[in-house]
Amino acid sequence: MPFSVKQQLSHLKPNLDAQGFAFIEAEQMRALLLEVGSLDDWAEFADSWNDLKTDSYMADQGRYRKRRYAVYGADGDAQVIRAEHQPHYQGVDYNRLNGGVERWFEPIAKSAGESKSMGTVLDYARRCFGERAPHTRRWHIEVHQFRIEAQTGQPGLPTPEGKHRDGVDFVLVLMIARHNIASGTTSIHSLEGAELGAFTLTKPFDAALVDDHRVFHGVTAVEAVDPEQPSFRDVLVVTFRGSRDRVRLALQPQPRPDEAVVTGKVDSQWRKDFTEEQRQKWTHRLGNLVLMPRYPRSDAHQR
Ligand SMILES: [Fe+2]
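All values reported here derive from a predicted model rather than from experimental measurement. (Residues numbered from 1 in each chain as written. Predicted model: local features only at pLDDT ≥ 70, side-chain atom pairs only at ≥ 80, totals over all residues.)

## Some thoughts on the overall build of the protein chain
Condition: Only runs of H or I of at least four residues qualify as helices and only runs of E of at least two qualify as strands under DSSP, and these elements are numbered from the N terminus. Around each residue's C-beta, the other C-beta atoms within 10 Å are counted; 20 or more make the residue buried, 12 or fewer make it exposed, and counts in between make it partly exposed. All C-beta atoms are placed from the backbone. Whether two residues are in contact is decided by their C-beta atoms, placed from the backbone, lying within 7 Å.
When helices and strands are counted, the protein chain shows 10 helices and 15 strands. The burial tally for the protein chain puts 36% of its 303 residues in the buried class. Sequence-distant contacts, at least 24 apart, represent 80% of the contacts inside the protein chain between residues at least 6 apart.

Okay, structure coming up:
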């Protein structure tokens, strides 16, 4: 009996909703994905991890990470559509090691980006996260294919920046493959630093869902079991950042969140709709402008 999306949503309540994260085992995750769409081309999809490119932006000079990157978008609950290729950007607040610069990664190959498996994973994530943020008008979705390699005497670091948040709303991490790898344990931490849980994605389809506003996440180094053999950990990371109707409505002649901040009158709705971190961030960026999502850029350029 497959798990229905409704069952899954209730299953996630005590986890993702209550704790800010959930670990879903492969069997359940695969069943959930199959409810949403096809995984017929999974083998080809997973094989595309064999053609990733070395991440040359590593501030630690490491060459153990390969990746490709793509951006997608979705209006509310509409279909997820790939956007033009663009750089990945994280502020230094979120990534002290590699943040603060636009990083142009190689694009995800067309065949993988348009595969049934990719579409199914993104549609699942949109449904899952959309359920938790029903007022989202538009999703900015970033997709990363990662391969972390371990070599003799040189472990690979899945999260070289350490425990961190991605600076988005939600994160899905999906295990694609582990080959000759030990460790690579994911840990989840409260905003105060307390460890809330730890688990290891071991099988293809093992997955982690994270509410990025509420918890930090990190992954321990991976090591080769047999140092004579190739050793790698492949994952798909999908992040969702939403913009709300309320943000767009700021164009209307009504009290705006930025006005509230500029005048020092931070009302309760402003506090309710935005985290302290977001308020701080936008207070210094808004001026007389309105809040705008980064996606899509072509849209932004028309304003
Ligand atoms: Fe992350």
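## Considerations on the pairing of strand S8 (residues 170–179)
Within a regular strand, the side chains alternate between the two sheet faces. Definition in use: Only strands that DSSP links by at least two bridges are regarded as paired with each other.
Here S8 lies mainly inside the structure; 8 of its 10 residues are buried. In terms of strand pairing, S8 meets strand S12 (residues 207–211) through 5 bridges, oriented antiparallel. Bridged to Val171 within S12 is Val210. Pairing analysis gives 9 bridges linking S8 to strand S15 (residues 232–244), with the strands arranged antiparallel. Counted as the bridge partner of Arg178 is Arg233 from S15.

## So, unusual backbone geometry
In the Ramachandran plot, Asn180 falls in the positive-phi region, its phi being about 60 degrees despite a non-glycine side chain. Position of Asn180 relative to the elements: it lies in the loop between S8 and strand S9 (181–183). The phi dihedral of Ser183 is positive, around 70 degrees, even though this residue is not glycine.

## With respect to the sheet that holds strand S11 (residues 195–200)
Put simply, the test is: Axis definition: a line fit to C-alpha positions, over the contact stretch in the case of helices; interaxial angles, taken between N-to-C directions, run 0 to 180 degrees.
Across the sheet, 3 strands lie side by side as S11-S10-S13; this open sheet has antiparallel pairing. Of all the strands in the sheet, just S11 and strand S13 (215–219) have a single pairing partner and so form its edges. Here the average twist between neighbouring strands, direction ignored, is 20 degrees. Of the pairings in the sheet, the one linking strand S10 (residues 185–190) to S13 comprises 5 bridges and is antiparallel in character. For Ser190, the partnering residue across the bridge sits in S13 and is Val215.

## Regarding the environment of Gly99
Inspection of the secondary structure assignment puts Gly99 in the loop between strand S5 (88–89) and strand S6 (102–103). For Gly99, a count of 17 C-beta atoms within 10 Å gives the class partly exposed.

## Some remarks on the pairing of S12
Counting buried residues along S12, 5 of its 5 residues qualify, which places the element largely inside the surrounding structure. Side chains Ala207, Leu209 and Asp211 of S12 all project onto a buried face; the interleaved residues Ala208 and Val210 project onto the opposite face, where all are buried too. Relative to S12, strand S1 (residues 21–24) is paired through 4 bridges, and the arrangement is antiparallel. Note on S12: the bridge partner recorded for Ala22 is Leu209.

## Overview of the confidence of the model for the protein chain
Low-pLDDT portions of the prediction should not be read for the details of their coordinates. The condition is simple: Note on scores: pLDDT gives the predictor's confidence for each residue, bounded by 0 and 100.
Averaged over every residue, the pLDDT of the protein chain is 82; residues scoring 70 or more account for 76%. Residue range residues 246–269 is modelled with pLDDT below 50. Its contacts to residues more than four positions away, or to other chains, number 23 contacts. Low pLDDT, under 50, characterises residues 283–303; the stretch is placed with 23 contacts to residues that sit more than four places away or in other chains.

## Quick word on helix H5 (residues 116–132)
Rules: Multiplying 1.5 Å by the helix residue count minus one yields the expected span of that helix.
Here H5 spans 25 Å end to end across 17 residues, near enough to the 24 Å set by a 1.5 Å rise per residue. Burial in H5 covers these residues: Ser117, Met118, Thr120, Val121, Leu122, Tyr124, Ala125, Arg126, Cys128 and Phe129.

## With respect to helix H2 (residues 26–36)
Selection rule: Working note: the arc is built from the helix axis to C-beta atom directions.
Among the residues making up H2, those that are buried are Met29, Arg30, Leu32 and Leu33. The arc enclosing the buried residues of H2, seen along the axis, measures out at 160 degrees, which places them on a common side.

## Some details on the nonpolar core
Which entries qualify depends on this criterion: Think of a nonpolar core as buried Ala, Val, Leu, Ile, Met, Phe, Trp, Tyr and Cys residues chained together by C-beta atoms that fall within 7 Å.
Residues Val121, Ala125, Ile141, Leu174, Ala207 and Leu209 are the most contacted members of the largest nonpolar core, which totals 58 residues. Leu209 has contacts with Leu16, Phe21, Ala22, Ile24, Cys128 and Leu172, leaving out every residue within four places of it along the chain.

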